[in-house]
Amino acid sequence: MDGASSYQAVVEAHYGRVRRLAQLLLADPEEARDVAQDVFLKLHRTYDRDDPPVAWGPWLTRVTVNACRDRRRVGWWPRWRHATDRVERLDLPALEPNPEEVAVRAELRRRVWHAFRALSRRQREVFVLRHLEGWSTEEVATTLGLGVGSVKQHLFRAVHRLRAAAAESP
Amino acid sequence: MSRCLSARTLARLYADAGTRGQRTHLEACQACRARYSEIGRDLAVVATVLLRTSEPEPSHGRRVRFWLPALGAAATAATVAIAIWTTSGLRTQTSPPRSSVVRSDDSVVVSTAPPSTAESLRPHDARIGEQLQELEAAAMFETWCDGVDIEGTPECDVKSLAQRTNSWESDLDS
């Protein structure tokens, strides 16, 4: 497999996951799309280096988390600017309903998302990396620059709140 | 058999925390294991929602929060501008002349400005004033007699100069 096609394979394998991860951490589809583009641009620059990462999956996750942090540090102005221009986010009737969306009741979906957004930034990052990305506690601690005990504490709070939201009777 | 673990403790164990004793109890207690599995099922639902469904449109209240920083900054800037404008206006209207402050009993005048050159050179008594006048006259005389027309100036002959010099020396001695 030549370099271009293998690069394309990495993009196809990880683009959806990276964009989803960015959206979970940023809560904004437009910003998530921008971050995903930045991440894969970085991948393109890194791909042909002499010392590429051992595994592209964890590398992309790490770069995405850092890019989301950088994006949040930029401040409130870009978020406000995007918030005034969201016509494309209006709910349009889908031609074919997503079976998974149908299966998950709207009320449960609202509660879970609300609880997830109510978590602190750290709690969200830890929960996403540990439970949704399947990283070990030690890997999460290293990537986020936290102690293992701190990661466990954030994870406990996130699990406690999200579980309460999921288990709550409608 | 020890007491069953609380929901918080089970969540703590799910987060890789908790003590060795709690984990030992979890392995031994079927009821606690069942409750622990429930946490796993609930979190699987959470993961499905987060990964497979789109986030609901934020409520109006959340959207409003985007305005709050801009609103706060504008309000702060306006307050500061009004405060500066008001303060500078008041200072212009009410501040006393910079040179002096008169106390309420009008008895003492306190100068806050540095004295002018004329004030600093003003003689403190009449004696010093006279001496200054004499010195100024002598300097003027010396200027007159320092030119090329010294011979033609009546006050500049040798005798007059000697008399004046003696007079100044005796003044200085006294």
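All of these numbers come straight from a predicted model, not from anything done at the bench. (Residues numbered from 1 in each chain as written. Chains lettered and ligands numbered in written order. Predicted model: local features only at pLDDT ≥ 70, side-chain atom pairs only at ≥ 80, totals over all residues. Heavy atoms only, no water.)

**Q** Describe the nonpolar core, listing the residues and the values that go with them.
**A** Note that soluble globular proteins tend to have their nonpolar side chains buried in a common cluster. If you look at the biggest cluster of nonpolar residues, it comprises 62 residues, and the most contacted ones within it are Leu 43, Phe 116 and Phe 127 of chain A together with Leu 50 of chain B. At 9 residues, helix H1 (residues 3-26) of chain A tops the list of elements feeding residues into this core. Those residues in contact with Leu 50 of chain B that lie beyond four places of it in its chain are Arg 20, Leu 24, Val 112, Trp 113, Phe 116, Phe 127 and Leu 132 of chain A. (Core = buried A, V, L, I, M, F, W, Y, C linked by side-chain atoms within 4.5 Å. Buried < 20%, exposed > 50% of the residue type's maximum accessible area, 1.4 Å probe, protein only. Helix = DSSP H or I, 4+ residues; strand = E, 2+ residues; numbered from the N terminus. Contact = heavy atoms within 4.5 Å.)

**Q** Tell me about the side chain of Thr 137 of chain A, and name the residues and values.
**A** With respect to the secondary-structure elements, Thr 137 of chain A resides in helix H8 (residues 137-144). Classification of Thr 137 of chain A as buried rests on a relative accessible area of 4%. Not counting residues within four places of it along the chain, the set of residues in contact with Thr 137 of chain A comprises Arg 130, Val 148, Val 151 and Lys 152 of chain A together with Asp 16 of chain B.

**Q** Please set out the pattern of salt bridges residue by residue, giving values where relevant.
**A** Summed over all chains, the structure comprises 12 salt bridges over all chains. The salt bridge involving Arg 130 of chain A is made with Asp 16 of chain B; its shortest N-O contact spans 2.9 Å. Of this pair, Arg 130 of chain A sits in helix H7 (residues 121-132) while Asp 16 of chain B sits in the loop between helix H1 (7-14) and helix H2 (20-28), which puts the two residues in different chains. Close ionic contact of Glu 38 of chain B with Arg 163 of chain A constitutes a salt bridge, the shortest N to O distance being 3.6 Å. With Glu 38 of chain B in helix H3 (residues 30-52) and Arg 163 of chain A in helix H9 (residues 148-167), the pair connects residues from two separate chains. When salt bridges with common partners are traced through the structure, they connect Arg 69, Arg 121, Arg 122 and Glu 125 of chain A into a single cluster. (Salt bridge = Lys/Arg side-chain N within 4 Å of Asp/Glu carboxyl O.)

**Q** Explain the environment of Arg 161 of chain A residue by residue, including any values.
**A** Tracing the backbone shows Arg 161 of chain A in helix H9. Note: C-alpha distance between Arg 161 of chain A and Leu 119 of chain A (42 residues apart in sequence) is 8.1 Å.

**Q** Give me the lowdown on the environment of Glu 107 of chain A, citing residues and values where you can.
**A** Residues and elements named next belong to chain A. Relative to the helices and strands, Glu 107 is located in helix H6 (residues 106-118). Look at Glu 107 and you get partly exposed, because its relative accessible area is 35%. A distance of 3.0 Å separates a polar atom in the side chain of Glu 107 from a polar atom in the side chain of Arg 110. (Polar contact = N/O pair within 3.5 Å; in protein donor to acceptor, adjacent residues only side chain to side chain.)

**Q** Mind laying out H8 of chain A, listing which residues take part and the relevant values?
**A** Residue and element names in this part refer to chain A. Listed as buried for H8 are Thr 137, Val 140, Ala 141, Thr 143 and Leu 144. Buried residues in H8, looked at end-on, bunch into an arc of 170°, giving them a common side. The inward-facing, buried residues of H8 abut helix H3 (56-73), H7 and H9. Looking one or two residues beyond H8, the residue adopting positive phi is Gly 145, at roughly 70°. (Arc of directions from axis to C-beta.)

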